[in-house]
Each structure stands twice: as structure tokens, then as C-alpha cells.
Amino acid sequence: METKSKKIYVETYGCQMNVADTEVVLSVLNEIGYTPTKEAANADLILVNTCSVRDNAELRAHQRVSELKEHKRRNPEVLIGILGCMAERLRTTLVEKNNLVDLVVGPDEYRKLPKLIEDAYAGQRGIAVKLSRVENYDDITPLRTEGISAWLSVMRGCDKFCTFCVVPFTRGRERSRSLKSVIEEVHKLSAQGFKEVTLLGQNVNSYHDGEYDFADLLRSAAEADSTMRIRYMTSHPQDMSDKLIETIAVHKNICKYVHLPVQSGSNRILKLMNRTYTVEHYLGLMQKIKQAIPEASFSTDIMAGFPTETNEDHAMTLEILKEVRFDGAFMFKYSPRESTKAWDMGDDVTEELKVERLNEIIELQNGIAFDINQTLIGKEVEVLIERDSSRSADDLLGRTDTNKKTLFPRENGAVGEIRSVKIERANAQTLFGTLVPSMN
Ligand code: SAH
Ligand code: SF4
Ligand code: F3S
């Protein structure tokens, strides 16, 4: 393999686990001389890190890969690879049937990339899609490209097997890194000047390294650097223990933001989904958290049109949104995934009805989020300034502890600072205000 520096271009789709994995991939490839580029046209190696969670995610990836192949047509030396969940799900069909790409590498096989690239240069297609029971990349320092907010994977895989979900098939069995290795990384991030770290896992609160649980991990992370903001996602309602709620409540630097996917407001549907909790349990949990952490904000995931969902089930979903009053929600139409249990239940809610129900959910939820955000007008909120606004060079973007995006004129603010912002107006997604002059 040539030793001169080669360029790698990566596009990442899907969840934050994929974003974190891309940083692992960049680190592995950095070892053999690849440096990242933002221009696909300059790249020697083009990778697309993909998501399989819904059909439209896969369609988009297929489309991007065929667009990016243009670069290979112009220069046959360019290698193209598919990483991530689609690589795992579709495996050899990606290569054999479609003759699409040079590399197909699943989420547990990124250490093999250097060898696979070498094979690909030698004219052999590189496929590696085994799932592992132990791989967690804990000895690889991810190549992070921005310096304020860091993603940190603490566990991989998922054993929950919700009946709609492809993740247990694309990511394999649940496994946790040791608390010690995670906390060492938190210390390193702190020394590098990171201001915020998000502990990541598909089910981050079922983290267990054999000795310590997720509450222990959060506490240790919070104590490692008390000036650093600690976030975490995604939690499952089943594993939201009292100990965990207490830990979030007592540590000032653990963000008061809880993302807790509920999916549906109907017990019948929750059971069919294998979500393992009832609406009553979920509401009880919410109440407990609100009591322990009055300032907390909440978000959730909602799905419309799961098999057999009736108008009554749908009405119950609207009801739970009204009852909890989430600050935000990720809302989806059910998308059947092959090899999941729900696949065999048929897909009997028509597309038209799914769209109608989803729109109702979105309209209701946006109204609630808008109303909640209006109550912040006139108040001062503390934000971590994350970056320049993408809309205007004169504005900065920060995030509150409760995970609300906040936009304000730059004035004397700088990325990385924690500052107070006085809120002047708000919509359902964003707060707008001005910096409060700092004391020093
Ligand atoms: N581990 C997390 C995230 C899983 S994927 C969790 O348990 O919440 C993120 C969200 O995508 C899920 O919460 C669900 O709302 C949605 N989702 C997953 N599979 C889906 C499917 N087949 N169709 C539509 N939405 C889906
Ligand atoms: Fe999928 Fe359920 Fe696991 Fe979340 S908990 S990743 S929805 S199987
Ligand atoms: Fe998508 Fe895989 Fe994440 S299916 S949501 S990228 S774990």
C-alpha cells in the first residue's frame, strides 16, 4: 500500500452510535495514513455509514451510494464502501446482486478495514459482516473532529427485541465497556478541553459491566470533571431505576434532560411491540422523575401505524402526549423490517392512514412544545455555546442543560463558553434571545 497520505470522505446516516462509529473508523484509517476530507471529489476512499431502521433510510443510502459512484467512474482507483447497519443487514447482496461497491463492512468489523482496503486494491471485494459478542473498540481513541461536545459509546448492541426493530439484528448482542475504560476516556476528553460528553448506547441505561450499572457510570463521569456537562442516550423505560433518577437529580453537571421513547399510548400495541411496560408504568415513571427533578425536560419517540393499530389505539397515543407534555418528540411512520417479528404481523394500516395519524401526532406535539417554550420568554437560561449558527454568521448556537437549541447574536460570546441568555421569543424547536453580559 502506498505511504503518501490518502484522503477519506465519509457520510454518516442514522443514530449517534453511527456518528461515534465513524470516529472509530477514521481513527483506524488514520493509523494507515488516511486523513479526512470534506470533498468527495478529492477522496481516495469514499465510505457511507448507513442506517436500516426504516425503509426510507435505506433508500436514501442506496441513492447516495449511486451518486457517489460517479467519482469512481471518473477515477477507477477510488474505492467505495458501505459501512454500518445496512452492510450488516444486506451483506453480500449489496456486492453480488447490485455490483455496487468495493467494501461492505458491518459495525463490529471496523478493525479489519486496513486489510479489506488492501484486498480491494488487489481487486478483491472486501466483505466483513460478522457480529461479535465482545467487540467494543474500547482501546481505540475515536478521531473526533470538533472540540466542544464529544460522543462516547459505552455499550453496543441491543437485547430488547422490540418487534418492529432491526437494531438487534444489525448491531448484535448487548455488551458494555468497563467503567474504568469509559472514565479514563472522560478524563482524556476533559484534558483536551471538551465541555460536554454524551454517553451513548442503544439502551444506555441497561449498561452493566459485570460490576457497575449505569447509575454508577453516570456518577463517575459526573465526578471525573464537575465542570463538564454529561448527557446520555437512549434510555429504555424498563431500565429507568430509582437509583438512576436519584443520580441524575443530585449531580449538577448531569443534564436535566430525559429522552424516554414511549412509542405508543395503547397497552395492546405496547404488548405487540414487546416494549415490556404499560402506559400506567410509563406515566408513573414520568411522575417520579418530575418529582425528583422538577426542572427536567422530556422527549420521546412515537410511532404511527404499527400493525393492527386502530383509531382507538391512535387516540390513546394522542392522549399520552397530552398527559405527559413532552418538550420534544421524534415521530415516525411504522416501516416494516424483514426478519423482525412485526414483519409477520402484516402491514395492515394503509399508507394514507399512517400519514394522517402521523400528521395529527406532529401537529399536537408541536403545539405542546411551542406552548412550553413560550413559558421561557423573559427568563434567563444557561447555554453551552456549541457553534456558529448555520443560518447567519452573526449568530451563535447554544444548548440549554435541558437540551433546547438557543440562537442569539454573537456579541462577545465565544464557542465553548457557558453563558446566560435572556429569551425573547421561541417556536416549537428553538429559543431566541440575547447574551446577558458576563460578570468578569
Ligand atoms: N434504542 C432506542 C432507539 C431505537 S431506533 C430506543 O429503544 O428507543 C429510534 C426510534 O426509531 C425508535 O424509538 C422508534 O420510534 C423508531 N423505529 C424503530 N424501528 C422502526 C420501524 N420499523 N419503523 C418506524 N420507526 C421505527
Ligand atoms: Fe430497537 Fe427496542 Fe432495542 Fe431500541 S430497545 S434498539 S427500539 S430493539
Ligand atoms: Fe440506524 Fe443502526 Fe442506529 S439501524 S438507528 S444506524 S443502530
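Residues numbered from 1 in each chain as written. Chains lettered and ligands numbered in written order. Predicted model: local features only at pLDDT ≥ 70, side-chain atom pairs only at ≥ 80, totals over all residues. Heavy atoms only, no water.

Topic: the overall build of the chain
Phase 1 of the analysis: Helix and strand counts for the chain come out as 13 helices and 19 strands.
Phase 2 of the analysis: Taken over the C-alpha trace, the chain has a radius of gyration of 22 Å; the compact-globule value for 440 residues is 22 Å, and the two agree within 12%.
Phase 3 of the analysis: When the backbone C-alpha atoms are referred to their principal axes, the chain occupies close to 60 × 60 × 45 Å.
Phase 4 of the analysis: When each of the 440 residues of the chain is scored for burial, the buried share is 54%. (Helix = DSSP H or I, 4+ residues; strand = E, 2+ residues; numbered from the N terminus. Rg over C-alpha atoms; globule rule 2.2 N^0.38 Å. Buried < 20%, exposed > 50% of the residue type's maximum accessible area, 1.4 Å probe, protein only.)

Examining the sheet that holds strand 14 (residues 328-333)
Phase 1 of the analysis: Taken in spatial order, the 3 strands of this open sheet run 12-13-14, and their pairing is parallel. The open sheet has two edge strands with one neighbour each: strand 12 (257-259) and strand 14. Each strand axis lies, on average, 10° off the axis of its neighbour in the sheet, ignoring direction.
Phase 2 of the analysis: The pairing of strand 13 (residues 297-304) with strand 14 spans 6 bridges and is parallel. Paired with isoleucine 302 across the bridge in strand 14 is methionine 331.
Phase 3 of the analysis: Across the sheet, helix 13 (residues 351-374) touches strand 13 and strand 14, and the angle it forms with strand 14 is around 175°. (Pairing = 2+ DSSP bridges. Axes fitted to C-alpha atoms, helices over the stretch in contact; angles between N-to-C directions. Contact = heavy atoms within 4.5 Å.)

Focus on the packing of aromatic side chains
Phase 1 of the analysis: By the definition in use, this model includes 7 aromatic pairs.
Phase 2 of the analysis: Their ring planes at 15° and their centres at 6.1 Å tell us that tyrosine 110 and tyrosine 137 sit as a pair that is stacked. Of this pair, tyrosine 110 sits in the loop between strand 5 (103-105) and helix 5 (113-121) while tyrosine 137 sits in the loop between strand 6 (126-128) and strand 7 (149-153), and the two are 27 residues apart along the sequence. Tyrosine 137 shares its class with tyrosine 110; the two are buried. (Phe/Tyr/Trp six-rings, centres within 6.5 Å; stacked < 30°, edge-to-face > 60°.)

Quick look at the domain arrangement of the chain
Phase 1 of the analysis: Once the domains are mapped, the chain shows domain 1 (7-128), domain 2 (146-255), domain 3 (288-374) and domain 4 (380-435).
Phase 2 of the analysis: Spacing between the C-alpha centres of domain 1 and domain 2 amounts to 27 Å.
Phase 3 of the analysis: Domain 1 puts 15 residues into the contact, and the matching count from domain 2 is 13 residues.
Phase 4 of the analysis: For the pair domain 1 and domain 2, the summed buried area comes to about 1300 Å², and 58% of that belongs to carbon and sulfur atoms.
Phase 5 of the analysis: Area buried by domain 1 at its contact with domain 2 is led by Gln16, Met17 and Asp108, which between them contribute 43% of it.
Phase 6 of the analysis: For the pair domain 1 and domain 2, the interface holds 4 salt bridges.
Phase 7 of the analysis: For arginine 156, the salt bridge is made with aspartate 21, and the minimal N-O distance between the two is 2.8 Å.
Phase 8 of the analysis: Remark: the boundary between domain 1 and domain 2 carries 5 residue pairs in polar contact (both at pLDDT 80 or more).
Phase 9 of the analysis: Of all the secondary structure elements, the ones that give two or more residues to the side of domain 1 that touches domain 2 are helix 1 (16-30) and helix 3 (85-90).
Phase 10 of the analysis: If one sorts the elements of the side of domain 1 that touches domain 2 by residue count, helix 1 sits on top with 7 residues.
Phase 11 of the analysis: Of the residues contributing to the side of domain 1 that touches domain 2, the split by class is 7 nonpolar, 3 polar and 5 charged. (Domains from an automatic or database assignment. Buried area = accessible area lost by both parts, 1.4 Å probe. Salt bridge = Lys/Arg side-chain N within 4 Å of Asp/Glu carboxyl O. Polar contact = N/O pair within 3.5 Å; in protein donor to acceptor, adjacent residues only side chain to side chain. Nonpolar A, V, L, I, M, F, W, Y, C, P; charged D, E, K, R; others polar.)

Describing the site of ligand 2
Phase 1 of the analysis: Residues in close proximity to ligand 2 include Cys158, Lys160, Phe161, Cys162, Phe164, Cys165, Val167, Pro168, Gln202, Asn203, His236 and Arg275, which together make up its full environment.
Phase 2 of the analysis: Here the shell around ligand 2 is built from residues that sort into 7 nonpolar, 3 polar and 2 charged. (Near = heavy atom within 4 Å.)

A look at the side chain of lysine 404
Phase 1 of the analysis: Structurally, the position occupied by lysine 404 is in the loop between strand 16 (395-400) and strand 17 (405-409).
Phase 2 of the analysis: Beyond its immediate stretch of four places on either side in the chain, lysine 404 contacts Asp327, Ile372, Asn373, Leu376, Gly398, Arg399 and Leu431.

Brief notes about the pairing of strand 4 (residues 79-84)
Phase 1 of the analysis: Counting buried positions along strand 4 yields 6 of 6 residues, so the element is predominantly enclosed.
Phase 2 of the analysis: Relative to strand 4, strand 3 (residues 45-50) runs parallel, the two sharing 6 bridges. When the bridges of strand 4 are listed, leucine 47 appears paired with glycine 81.
Phase 3 of the analysis: Of the crossover connections in this fold, the one passing from strand 3 over helix 2 (residues 55-74) to the parallel strand 4 is right-handed.
Phase 4 of the analysis: Judged from the 3 bridges that link them, strand 4 and strand 5 form a sheet pairing that is parallel. Among the inter-strand pairings, glycine 81 is bridged to a residue of strand 5, identified as leucine 103. (Right-handed = clockwise from strand over helix to strand, strands pointing away.)

A look at helix 5
Phase 1 of the analysis: Buried within helix 5 we find Leu113, Pro114, Leu116, Ile117, Asp119 and Ala120.
Phase 2 of the analysis: Positive phi shows up at glycine 123, right after helix 5, with a value of about 95°.

Thoughts on the packing of helix 7 (residues 179-191) against helix 8 (residues 214-224)
Phase 1 of the analysis: In the contact formed by helix 7 and helix 8, the axes pass within 9 Å of each other and the chain directions differ by 25°. It follows from the interaxial angle that helix 7 and helix 8 lie roughly parallel. For the element pair helix 7 and helix 8, the recorded crossing hand is right-handed. Residue-level contacts link Leu179, Val182, Ile183, Val186 and His187 of helix 7 to Asp216, Leu217, Ser220, Ala221 and Ala224 of helix 8. (Parallel < 35°, antiparallel > 145°, perpendicular 65-115°, else oblique. Left-handed = near helix turned anticlockwise from the far one by under 90°.)

Points about the site of ligand 1
Phase 1 of the analysis: Near ligand 1 lie 15 residues; those nearest to it are Gln202, Pro261, Gln263, Asp301 and Ser335.
Phase 2 of the analysis: Within the backbone of glutamine 202, a nitrogen or oxygen atom sits 2.5 Å from a nitrogen atom of ligand 1.
Phase 3 of the analysis: Burial of ligand 1 by the protein amounts to 90% of the accessible area it has alone, namely 530 Å².
Phase 4 of the analysis: At the level of elements, strand 13 and strand 14 are the ones that each hand at least two residues to the shell around ligand 1.
Phase 5 of the analysis: Within the shell around ligand 1, the residues separate by chemical class into 6 nonpolar, 4 polar and 5 charged. (Areas by Shrake-Rupley, 256 points an atom, 1.4 Å probe, with all protein chains shown as cover.)

Brief notes about the pairing of strand 7
Phase 1 of the analysis: Across the 5 residues of strand 7, 4 count as buried, placing the element largely inside the fold.
Phase 2 of the analysis: When strand 7 meets strand 10 (residues 196-200), the two strands line up parallel, connected through 5 bridges. Within the sheet, the bridge partner assigned to tryptophan 151 lies in strand 10 and is threonine 198.

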